[in-house]
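Chain by chain, the residues:
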Amino acid sequence: MIATTVHDLQVLDEDLPEQAHDFRVDLIVTTERIIWPGTPKRPVGLDVSSLSSEQIATIPVLAQRLGR
(Lines give C-alpha, C1' and ligand atoms only; values in the text may rest on other atoms or scores of the structure.)
Protein backbone atom coordinates (compact mmCIF):
# COMPACT_ATOMS: atom_id res chain seq x y z
CA MET A 1 0.00 0.00 0.00
CA ILE A 2 1.19 3.49 -0.85
CA ALA A 3 -0.22 6.35 1.20
CA THR A 4 0.40 10.08 1.22
CA THR A 5 -0.57 13.13 3.22
CA VAL A 6 -1.52 16.37 1.47
CA HIS A 7 -3.25 19.63 2.22
CA ASP A 8 -6.93 19.75 1.25
CA LEU A 9 -6.13 22.43 -1.35
CA GLN A 10 -3.94 19.90 -3.19
CA VAL A 11 -6.81 17.47 -3.78
CA LEU A 12 -8.41 17.88 -7.20
CA ASP A 13 -11.48 16.15 -8.57
CA GLU A 14 -10.25 15.92 -12.15
CA ASP A 15 -8.03 13.73 -14.27
CA LEU A 16 -4.37 14.66 -14.34
CA PRO A 17 -1.88 13.86 -17.12
CA GLU A 18 0.09 10.68 -16.49
CA GLN A 19 3.25 9.22 -17.97
CA ALA A 20 4.00 5.51 -18.29
CA HIS A 21 6.28 5.69 -15.24
CA ASP A 22 3.69 7.38 -13.00
CA PHE A 23 1.75 5.51 -10.37
CA ARG A 24 -1.28 6.25 -8.21
CA VAL A 25 -1.45 6.06 -4.45
CA ASP A 26 -3.82 3.78 -2.56
CA LEU A 27 -4.71 6.25 0.19
CA ILE A 28 -4.72 10.05 0.59
CA VAL A 29 -5.01 11.62 4.03
CA THR A 30 -5.68 15.32 4.64
CA THR A 31 -6.45 17.14 7.87
CA GLU A 32 -10.14 16.94 6.98
CA ARG A 33 -10.64 13.56 5.32
CA ILE A 34 -9.38 10.18 4.18
CA ILE A 35 -9.67 9.43 0.47
CA TRP A 36 -9.52 5.98 -1.13
CA PRO A 37 -8.89 6.87 -4.80
CA GLY A 38 -9.82 3.49 -6.25
CA THR A 39 -7.84 1.05 -8.34
CA PRO A 40 -4.16 1.93 -8.22
CA LYS A 41 -2.02 2.01 -11.35
CA ARG A 42 1.45 0.54 -11.00
CA PRO A 43 4.20 0.53 -13.61
CA VAL A 44 5.81 -2.79 -14.42
CA GLY A 45 9.59 -2.66 -14.05
CA LEU A 46 11.81 0.32 -14.76
CA ASP A 47 11.31 2.39 -17.91
CA VAL A 48 14.96 3.10 -18.66
CA SER A 49 14.02 4.83 -21.93
CA SER A 50 12.57 7.72 -19.90
CA LEU A 51 15.95 8.39 -18.21
CA SER A 52 18.80 10.38 -19.70
CA SER A 53 22.38 9.14 -19.51
CA GLU A 54 23.09 11.94 -17.02
CA GLN A 55 20.25 10.78 -14.75
CA ILE A 56 21.46 7.18 -14.85
CA ALA A 57 25.03 8.29 -14.10
CA THR A 58 23.87 9.97 -10.88
CA ILE A 59 22.57 6.63 -9.58
CA PRO A 60 25.64 4.38 -9.39
CA VAL A 61 23.80 1.14 -8.60
CA LEU A 62 21.49 1.69 -11.59
CA ALA A 63 24.39 2.55 -13.91
CA GLN A 64 26.20 -0.59 -12.77
CA ARG A 65 23.14 -2.76 -13.26
CA LEU A 66 22.68 -1.36 -16.77
CA GLY A 67 26.37 -1.86 -17.55
CA ARG A 68 27.13 1.84 -18.03
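Presented here is a report on the structure given in the accompanying data block. (Residues numbered from 1 in each chain as written. Predicted model: local features only at pLDDT ≥ 70, side-chain atom pairs only at ≥ 80, totals over all residues. Heavy atoms only, no water.)

**Regarding the pattern of salt bridges**
Turning to step 1, where the next piece is worked out: Per the stated rule, a full pass over the model turns up three salt bridges.
Turning to step 2, where the next piece is worked out: One salt bridge connects Arg33 with Asp8, and the closest N-O pair in it is separated by 3.2 Å. Here the residue Arg33 occupies a position in the loop between strand 2 (27-29) and strand 3 (34-35), and Asp8 occupies one in the loop between strand 1 (3-5) and strand 2, the gap between them amounting to 25 residues.
Turning to step 3, where the next piece is worked out: On the basis of relative accessibility, which here comes to 39%, the residue Arg33 falls in the partly exposed class.
Turning to step 4, where the next piece is worked out: We note a salt bridge from Arg42 to Asp26, for which the minimum N-O separation is 2.5 Å. With Arg42 in the loop between strand 3 and helix 1 (53-57) and Asp26 in the loop between strand 1 and strand 2, the pair connects residues that are 16 residues apart, well separated along the chain.
Turning to step 5, where the next piece is worked out: The class of Asp26 is buried, set by a relative accessible area of 13%. (Salt bridge = Lys/Arg side-chain N within 4 Å of Asp/Glu carboxyl O. Helix = DSSP H or I, 4+ residues; strand = E, 2+ residues; numbered from the N terminus. Buried < 20%, exposed > 50% of the residue type's maximum accessible area, 1.4 Å probe, protein only.)

So far we have only geometry, and geometry alone does not tell us how the molecule works.
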